[in-house]
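Residues per chain, in single letters:
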Amino acid sequence: MTVLRPEGVPSPDPAREEPEKAEKPETRGARWNTPERRRKVLLGAALLWAVAITAFVLVPDRGETESPAAAAPSAAPSASAAPLTVAEVSRALTPSVVLIETTGHDSQNHLEAGTGTGVIVNADGTILTALHVVDGAEAIRVTYADGTRAAASIASKDADQDIATIAPDKLPETLVPAVLGGGVAVGDDVVAIGNPLGLAWSTSSGVVSGLDRKLDRDASGDIEGLIQFDAAVNPGNSGGPLINTRGQVVGIVVALANPTDAGTFIGIGFAVPIGAALGGGGDGDGQAPPL
């Protein structure tokens, strides 16, 4: 019979071989039940118990260490979801912004010209803008960021929201439709890109100052639900995009508030939310807001 002992525990000296002789059962029991044998058995059991306790404490629980690796990966935001700087928004959206130039005649048959802004919103080249930029024009010309020029015509208009879409006769070699976004909250950073006072593809930035604002337009009826913002806009910005920090168009600039006749920016601009702008399409004869 071999007694298993922990490593390092000396084995007792082997007993001298003696001739086998028959022993009575009670004699064999007395032989194994000596004090020396009991002491050695107890010592071995104690050492085995100490080794087991030490291994339990020092060896980490494999279930705990391996469970994170076995768990399903959690969703992580993509790179495009990270906030962009104003410069990054400008670089991303400028190729989607167009300069709109119109010509026509007034009631005295005087030739008139105007400028505004539009944003490409569809792969077919459809451009979204403010209705008052193109309404009543005899000729509409768009210029893309790469310099390509094309004549355009009104495709649809919604006087209630002062929104129109125009269809160009020619597209640039590389067409870059803008990404259209969702809602905004007061305090959100926004960027406006447009052609104020003839300064093409100008960028300004600010924050959303208020929501659900109303613009009085005399006989044309009020526009409600507007986004109020403080990014600088001036005549020529009309129809341009208001953009969030993810590069998404959240509104179309339609007006600025000004208590004087100067028509310059004093810190209050208005934009039609993109959802309302896309919902329009009926004909109308809207009157131009002050921008």
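Residues numbered from 1 in each chain as written. Predicted model: local features only at pLDDT ≥ 70, side-chain atom pairs only at ≥ 80, totals over all residues. Heavy atoms only, no water.

**Student:** Even after reading the chapter, I still don't get the pairing of strand E13 (residues 269-273), so can you show me in this structure?
**Tutor:** When a strand is regular, its side chains alternate between the sheet's two faces. Burial within E13 is extensive, with four of its five residues counted as buried. Bridge count between strand E10 (residues 223-229) and E13: three bridges; the pairing is antiparallel. Bridge pairing in E13 links Phe229 to Gly269. In this structure, strand E12 (residues 248-256) lies alongside E13, joined through five bridges in antiparallel fashion. Bridging across to E13, Gly251 finds its partner in Pro273. (Buried < 20%, exposed > 50% of the residue type's maximum accessible area, 1.4 Å probe, protein only. Helix = DSSP H or I, 4+ residues; strand = E, 2+ residues; numbered from the N terminus. Pairing = 2+ DSSP bridges.)

**Student:** Is there a simple way to think about the side chain of Asn234 in this case?
**Tutor:** With respect to the helices and strands, the residue Asn234 is situated in the loop between E10 and strand E11 (241-244). A relative accessible area of 17% places Asn234 in the buried class. Polar contacts involving the side chain of Asn234 include one to the main-chain amide nitrogen of Phe265, which spans 2.9 Å. (Polar contact = N/O pair within 3.5 Å; in protein donor to acceptor, adjacent residues only side chain to side chain.)

**Student:** I tried to follow the sheet that holds strand E6 (residues 163-168) on my own but got confused; where do I start?
**Tutor:** Think of a sheet as strands paired side by side through backbone hydrogen bonds, with each pair either parallel or antiparallel. Here we have six strands rolled up into a closed barrel, ordered E1-E2-E3-E6-E5-E4, and antiparallel in their pairing. The sheet shows a mean angle of 40 degrees between the axes of neighbouring strands, direction not considered. Looking at chain direction, strand E2 (residues 111-120) and strand E3 (residues 127-130) are connected through three bridges and run antiparallel. Across the sheet, Ile120 pairs through a bridge with Ile127, a residue of E3. (Axes fitted to C-alpha atoms, helices over the stretch in contact; angles between N-to-C directions.)

**Student:** Is there a simple way to explain helix H4 (residues 86-93) in this structure?
**Tutor:** It helps to recall that an α-helix has 3.6 residues per turn; residues three or four apart then point in one direction. Turning to H4, its buried residues number three or more, namely Val89, Ser90 and Leu93. For H4, the buried positions fall inside an angular range of 100 degrees around the axis, keeping them on one side. In this fold, the buried residues of H4 make contact with strand E1 (97-105), strand E8 (189-194), strand E9 (202-215), E11 and E12. (Arc of directions from axis to C-beta. Contact = heavy atoms within 4.5 Å.)

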